[in-house]
Amino acid sequence: MSKVVTAIDKSGSFTVQLVISTDMTEEARRIHRTTPLATAALGRVLTGAGLMALNLKNEENKLTLQFKGDGPAKQILATAYGDGRVKGYISNPDVDLPLRPDHHLDVGGALGTGELTVIKDLGLKEPYIGRISLVSGEIAEDLTAYHYISEQQNVSVALGVKIGRDLSVLASGGMIIRMLPGAAEEAVDVLEKLLENMGPLTAVIEKVILRSAGKSEEGVVCDLMDEIFESLPSEFALEKLETKEIRWECDCSRERLSQALMTIGKKDLREIIEEDGQAELVCQFCEKKYFFDKRQLEEIYEQM
């Protein structure tokens, strides 16, 4: 599990959501057996989705981020719930490209030109769907642009994933700064200067983890927040509001996969029954396999 600490500044100008999501990103890497580039891309999307979903009204509300481009990664999708559950996948877990000139993984190149679609299922008759063209494909910049274009919110998103020599995840995290109505004009200038000087989020995470050995996960995240925002003037000092959590959890089941079989149509299902006599379905999110024998397929056919 990954603790998410939310804070507000003393002037009521902005809120901050901050998380260290290393465990969640490593779990996704292990399940999907991703290359370093795919791990970085998927980890950023999972972390961003998890943070955004915590702002939904109810725990069962659902948010889906779909990054779709003409690059070799093809598509990255993550679904997160208001209670902190997160799952996701990348269409091409083997994607690999040379490092960018600045020696960073080329997530933007992996996605290429395309669209970001945000779907919010709030329990209403129809979900809310927002869509923008990708700004850079680097995930954080695209989510920042989405909030401004589709939701008219002044938001800054920072996401990062650092990969070790053994291909495991050394550090992963995310931060969302959200300006509030009536925010002091000076607050924007102060935050812009702070973000310019912050450096990579994962570098700050690694530094704080080393210094905060022995502390609880919530304590480490609070230390990280102090480290990032220590230069704020006293009138914009942060006060903690609440702590929540996000975690990797897939909610697939045999029943859901049975429903998926029903969607292929009676003709195609009958062909599977007569030609193969069995079927094996794999969940895209967690890669768990579900086997259906001939009798079970016949039962599904009858239900159709």
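Quick caveat, the model's predicted, so the values are computed rather than measured. (Residues numbered from 1 in each chain as written. Predicted model: local features only at pLDDT ≥ 70, side-chain atom pairs only at ≥ 80, totals over all residues. Heavy atoms only, no water.)

1. Here's the deal with the overall build of the protein
Here comes step 1: Scanning the protein from terminus to terminus reveals 10 helices and 12 strands.
Here comes step 2: For the protein, buried positions account for 51% of its 304 residues.
Here comes step 3: Considering only intrachain contacts with a sequence separation of at least 6, the fraction spanning at least 24 residues in the protein is 63%.
Here comes step 4: For the protein, the exposed area adds up to about 15,100 Å²; of that, 48% sits on carbon and sulfur atoms.
Here comes step 5: Computed over 35 positive and 50 negative side-chain charges, the inter-centroid distance for the protein is 4 Å. (Helix = DSSP H or I, 4+ residues; strand = E, 2+ residues; numbered from the N terminus. Buried < 20%, exposed > 50% of the residue type's maximum accessible area, 1.4 Å probe, protein only. Contact = heavy atoms within 4.5 Å. Areas by Shrake-Rupley, 256 points an atom, 1.4 Å probe, with all protein chains shown as cover. Lys, Arg positive; Asp, Glu negative; His and termini not counted. Charge placed at Lys NZ, Arg CZ, Asp CG, Glu CD.)

2. Some words on helix H4 (residues 140–151)
An α-helix turns once per 3.6 residues; consequently, residues spaced three or four apart project the same way.
Here comes step 1: The terminal C-alpha atoms of H4 lie 16 Å apart, and with 12 residues this matches the ideal 16 Å at 1.5 Å per residue to within 8%.
Here comes step 2: For H4, the set of buried residues is Ala140, Asp142, Leu143, Ala145, Tyr146, His147, Ser150 and Glu151.
Here comes step 3: Looking at the residues trailing H4, positive phi occurs at Gln152, about 50 degrees. (Expected span 1.5 Å × (residues − 1).)

3. Thoughts on the environment of Leu97
Here comes step 1: Relative to the assigned elements, Leu97 resides in the loop between strand S5 (85–90) and helix H3 (107–111).
Here comes step 2: Overall, the relative accessible area of 29% leaves Leu97 in the partly exposed class.
Here comes step 3: The spacing of Leu97 and Asp226 is 129 residues in sequence and 36 Å in space, taken between C-alpha atoms.
Here comes step 4: The contacts of Leu97, once residues within four sequence positions are left out, are Leu37, Pro72, Asp106, Gly109 and Ala110.

4. Looking at the pattern of salt bridges
Here comes step 1: The tally for this structure, following the rule as stated, stands at 23 salt bridges.
Here comes step 2: Residue Lys120 pairs with Glu151 through a salt bridge whose shortest N-O separation is 2.6 Å. Highlighted residues: Lys120 in strand S6 (residues 114–121) and Glu151 in helix H4, separated in sequence by 31 residues. Comparing Lys120 with Glu151 shows no difference in burial state: the two are buried.
Here comes step 3: For Arg211, the salt bridge identified is with Glu227, shortest N-O distance 2.9 Å. With Arg211 in helix H6 (residues 201–211) and Glu227 in helix H7 (residues 217–229), the pair connects residues that are 16 residues apart, well separated along the chain. (Salt bridge = Lys/Arg side-chain N within 4 Å of Asp/Glu carboxyl O.)

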